[in-house]
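Architecture at a glance
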Amino acid sequence: MQYSPNIEKLKPSATIAVSTLAKKLAAEGRDIVNLSAGEPDFDTPVFITDAAVEGIRSGRTRYTPPAGLPELRKVIAERLSDRAGRVIDWNGVVVTAGVKQALFNTFFTLFGPGDEVLIAAPYWTTYPDLVNIARAEPVPVFGAEDNAFKVTTTDLEGAVTDKTRGLVLNTPSNPTGAVYSIGELDVIAQWARDRGIWLISDEIYRSVYHGSDRTAAPGVLDVPEASLGDFVLVDGASKSYAMTGWRLGYSYSSGAVAQKFSALQSQITSNTTTTSQVAAIEAFGNVQAADASIAAMGEAFTRRRDLVTRRMSELMPGVPFIRPEGAFYLYFRVDGFFDEEVTSGTSWCARLLEQQGVALVPGAAFGDDRWVRMSFASSDEALEEALVRIAAMTGAAV
Ligand code: PLP
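Bear in mind that the values here come from a model prediction, so they are computed numbers and not experimental data. (Residues numbered from 1 in each chain as written. Predicted model: local features only at pLDDT ≥ 70, side-chain atom pairs only at ≥ 80, totals over all residues. Heavy atoms only, no water.)

Section: the site of the ligand
Rule in force here: By convention in these notes, a residue is near a molecule or strand provided one of its non-hydrogen atoms lies within 4 Å of it. Polar contacts, as counted here, are pairs of nitrogen or oxygen atoms within 3.5 Å of one another; within protein the pair requires one atom able to donate a hydrogen and one able to accept it, and residues that are adjacent in sequence qualify only if both atoms are side-chain atoms. Throughout this entry, Asp, Glu, Lys and Arg are counted as charged residues, while Ala, Val, Leu, Ile, Met, Phe, Trp, Tyr, Cys and Pro are counted as nonpolar. The remaining residues, Gly among them, count as polar.
Of all residues adjacent to the ligand, which total 13 residues, the nearest are Val99, Asp202, Ser238, Lys239 and Arg247. The contact in question runs from an oxygen atom of the ligand to an N or O atom on the side chain of arginine 247, over 2.7 Å. Looking at side-chain class alone, the shell around the ligand contains five nonpolar, four polar and four charged residues.

Things to note about helix α4 (residues 98-110)
Rules: Runs of H or I in DSSP of at least four residues are treated as helices and runs of E of at least two as strands, each being numbered from the N terminus. Here the expected span of a helix is defined as 1.5 Å times the quantity of residues minus one. Exposure classes here rest on a 1.4 Å probe applied to the protein chains alone. A residue is buried below 20% of its type maximum, exposed above 50%, and partly exposed in between.
The end-to-end C-alpha distance of α4 is 19 Å, a good match for the 18 Å that 13 residues give at a rise of 1.5 Å each. Where α4 is concerned, the buried positions are Gly98, Val99, Gln101, Ala102, Leu103, Asn105, Thr106, Phe107 and Leu110.

Observations regarding the pattern of salt bridges
Heads up, the condition is: Salt bridges are defined by distance alone: a side-chain nitrogen of Lys or Arg within 4 Å of a carboxyl oxygen of Asp or Glu.
Taken as a whole, this structure holds 27 salt bridges when the rule is applied. Put simply, arginine 323 and aspartate 306 hold a salt bridge, and the shortest N to O gap is 3.7 Å. A residue pair is termed long-range when its members are at least 10 positions apart, and arginine 323 in the loop between β9 (321-322) and β10 (329-333) and aspartate 306 in helix α10 (residues 287-315) qualify at 17 residues. Accessibility expressed as a relative area gives 47% for arginine 323, which makes it partly exposed. Between arginine 351 and glutamate 341 there is a salt bridge whose closest N-O contact spans 3.5 Å. Placement of the pair is arginine 351 in helix α11 (residues 345-356) and glutamate 341 in the loop between β10 and α11, with a sequence separation of 10 residues. Through salt bridges with shared partners, a single ionic network connects Asp41, Arg303, Arg304 and Asp380.

Here we look at the domain arrangement of the protein
Note the following rule: What fixes the domain bounds is an automatic or database domain assignment. The criterion used for residue contact is that any of the two residues' heavy atoms lie within 4.5 Å. Take the accessible area each of two parts loses on contact, using a 1.4 Å probe, and add the two losses: that sum is the buried area.
Considered domain by domain, the protein is made up of domain 1 (5-43 + 290-394) and domain 2 (62-285). Look at where the C-alpha atoms of domain 1 and domain 2 centre, and you get two points 25 Å apart. Opposite the 40 residues of domain 1 that make contact, domain 2 presents 35 residues. Taken over both partners, the interface formed by domain 1 and domain 2 buries close to 3,100 Å², and the fraction arising from carbon and sulfur atoms is 55%. The tally of links between domain 1 and domain 2 comes to three salt bridges. Where glutamate 137 meets lysine 9, a salt bridge forms, and the shortest distance between an N and an O atom there is 3.9 Å.

With respect to the sheet that holds strand β2 (residues 93-96)
Put simply, the rule is: Being paired, for any two strands, means DSSP has found at least two bridges between them. Simply put, an axis is a line fit to the C-alpha atoms, just over the touching stretch for a helix, and the angle between two N-to-C directions goes from 0 to 180 degrees.
The sheet built from seven strands is open, its strands ordered β2-β8-β7-β6-β5-β3-β4 with mixed pairing. Edge positions in the sheet fall to β2 and β4 (137-142), since each of these pairs with one other strand and no more. Looking at each pair of strands side by side, their axes are set apart by 20 degrees on average, direction ignored. Looking at chain direction, strand β7 (residues 231-236) and strand β8 (residues 249-252) are connected through four bridges and run antiparallel. Along β8, the bridge assignment pairs aspartate 235 with tyrosine 250. Those strands touched by helix α3 (residues 70-84) are β2, β7 and β8, and its axis lies near 120 degrees from that of β2. Running over the sheet, helix α8 (residues 255-268) touches β2, β6 (198-202), β7 and β8 and is turned about 25 degrees from β2.

Pasting the structure below:
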């Protein structure tokens, strides 16, 4: 069958593939500890679900404008203004069916054949695929391992060409949990501005932050306005509010770009569901309740971060890992366990699932198959059990 070149390089999401296999094995009766999924293990807070139910009951069930309910766009802009310390124009906000759609809009609108898009690596598995769908060229740029893989302008200089049109940054990072400081972001923003390169900043894990002040990780709006050239900020409700299934994301860009995103959406999905938008008005608008939920979930995530990093060091001393400062992933290196049969993170994960019933995501999904990713958005007991099983397979003393 001859398909369109649009999907020539398309492959299904690697992370979703592992998690689907793990769920299938569990359904067949296998004792599986599934740490492959990238979603909070909490239910959506009740103050949000109540607002959604009330919205349905009161007839808020029709189409909305493609860019979202003005009320929601304004509430999002208010929150962004609080962060930025300046007025953020709500006309730049476009509500999407998850950050995935915001990224699709961005890549598809801004880039095309002949363009190169730098992607800070290791990267969230979807970025290169979405750039491919736009028929542009994804170019991974790895930072140094001893800098938690955060890229610097020196790393970027080594990859930039006269075809470079975009740079994708994700902070806190999936899969490493690394967090860029305001200073680091500032330097990178200026670098992109000076070269006329679009900065795409994915800040979906911003509220899942383990910093000592426990507020939120720095983002592109914390950078002085003068440092910023063209940029698109993407964020959403999935991770901060445990709302993965609601499909609620947004982008913030200039008003002109937002109009293009809105026009694109008007032809493909119209709006994301009205119910999710009504729920999101409450999530973003009820600051007191939202802060309390984010703090409660954040406390659990930080406790688990401490648990997995401590137990890694105790059970598998010497195995390199990145200490996560944000998000809920532990990224660790397994090439020290490779043997004749197992020569990649992919085959190591397959063996782990087969022998120990633990599902992790191989680093191939993130651009480096010497590493693997464990989600710690799971119960303390599941995490402890998984680490003991992994240590048993690796031959570490437990
Ligand atoms: N960006 C990153 C870095 C992610 O890890 C994910 C989901 O795992 C997304 C975006 C997509 O989020 P959404 O559920 O809003 O589409």
